[in-house]
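Coordinate inspection notes
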Amino acid sequence: MDHGNEGFMIADETGADTFEILPEEDYYPYTYDELTDVALQEQKENAKPAYAGEVPDLDQYTTVFIGSPVWWGDWPMIMYTFFEENADALAGKTLIPFSTNEGSGLSGFDRSLASSCPDSTVGEGLAIRGSDAQNDQDNVRSTVNDWISELGL
Ligand SMILES: Cc1cc2nc3c(=O)[nH]c(=O)nc-3n(C[C@H](O)[C@H](O)[C@H](O)COP(=O)(O)O)c2cc1C
């Protein structure tokens, strides 16, 4: 789930191609309370909701940034669908996790990504507050750019 502004800032800075992980069936409710219930249920059931579209040919990339909001202290379950289906194609590549969140930071995104894609290398991730991504874009852009420089890609 290439989340909103942070994902697009990374693409701007690196010139990367993007693929947005969106549900094949958009059944997610729009109020925050309802969404938290649905998300928790998916996590409890270890659901693997399908995402829409075809992932581009990953052979052409050596580094893949992967990010989403933190939901219940973890990746949204649809991200695990993506990891499972693409772990082989991501093998041998460097994966860089990023999150938006409201306090949980990276919330173990790096460790769970490494477990889901054991043949990939997981690089130093970045956590951004969702409210900052919305309302403090100049600062977030400079944080994103500093992080990308430090990654030395
Ligand atoms: C279902 C759900 C669960 C969430 N769980 C967490 C959490 O465990 N920790 C946290 O810091 N933020 C949590 N949040 C806040 C989101 O991370 C925050 O709303 C998001 O990063 C902002 O991006 P968005 O506009 O795409 O929702 C949760 C939000 C939702 C909707």
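What you see is a predicted model; the values in this text were computed from it and never measured.

Right, let's get into the nonpolar core. Counting residues in hydrophobic clusters, the biggest one holds 23 residues, and the most contacted among them are Phe-65, Leu-95 and Leu-113. At the level of elements, α1 (4-14), β1 (63-69), α3 (77-90), β2 (94-101), α4 (109-116), β4 (126-129) and α6 (137-151) are the ones that each hand at least two residues to this core. Considering each element in turn, this core owes the most residues, 5 residues, to α3. Among all residues touching Phe-65, those that are not within four sequence positions of it are Ile-10, Ala-16, Ile-96 and Phe-98.

With that settled, the discussion passes to α3. Its 14 residues place the ends of α3 18 Å apart at the C-alpha level, agreeing with the 20 Å of an ideal helix rising 1.5 Å per residue. Of all the bends in α3, the greatest, near 40 degrees, is centred on Glu-84. All buried positions along α3 are accounted for by Ile-78, Met-79, Tyr-80, Phe-82 and Leu-90. In this structure, the buried residues of α3 make contact with β1, β2 and α4. Gly-92 occupies a position one or two residues after α3 and carries a positive phi of about 80 degrees.

In this section: the site of the ligand. Around the ligand, the surrounding shell holds 17 residues, and the nearest of these are Ala-39, Pro-69, Thr-100, Ser-104 and Gly-130. Mapped by element, the contributors of at least two residues to the shell around the ligand are α2 (32-45) and β2. When residues of the shell around the ligand are assigned to their parent elements, the largest contribution, 4 residues, is made by α2. Grouping the constituent residues of the shell around the ligand by class yields 7 nonpolar, 9 polar and 1 charged.

Criteria and thresholds
- Residues numbered from 1 in each chain as written.
- Predicted model: local features only at pLDDT ≥ 70, side-chain atom pairs only at ≥ 80, totals over all residues.
- Core = buried A, V, L, I, M, F, W, Y, C linked by C-beta atoms within 7 Å.
- Buried ≥ 20, exposed ≤ 12 C-beta atoms within 10 Å, placed from the backbone.
- Helix = DSSP H or I, 4+ residues; strand = E, 2+ residues; numbered from the N terminus.
- Contact = placed C-beta atoms within 7 Å.
- Expected span 1.5 Å × (residues − 1).
- Bend = angle between axes of the 7 residues up to and from the residue.
- Near = placed C-beta within 6 Å.
- Nonpolar A, V, L, I, M, F, W, Y, C, P; charged D, E, K, R; others polar.

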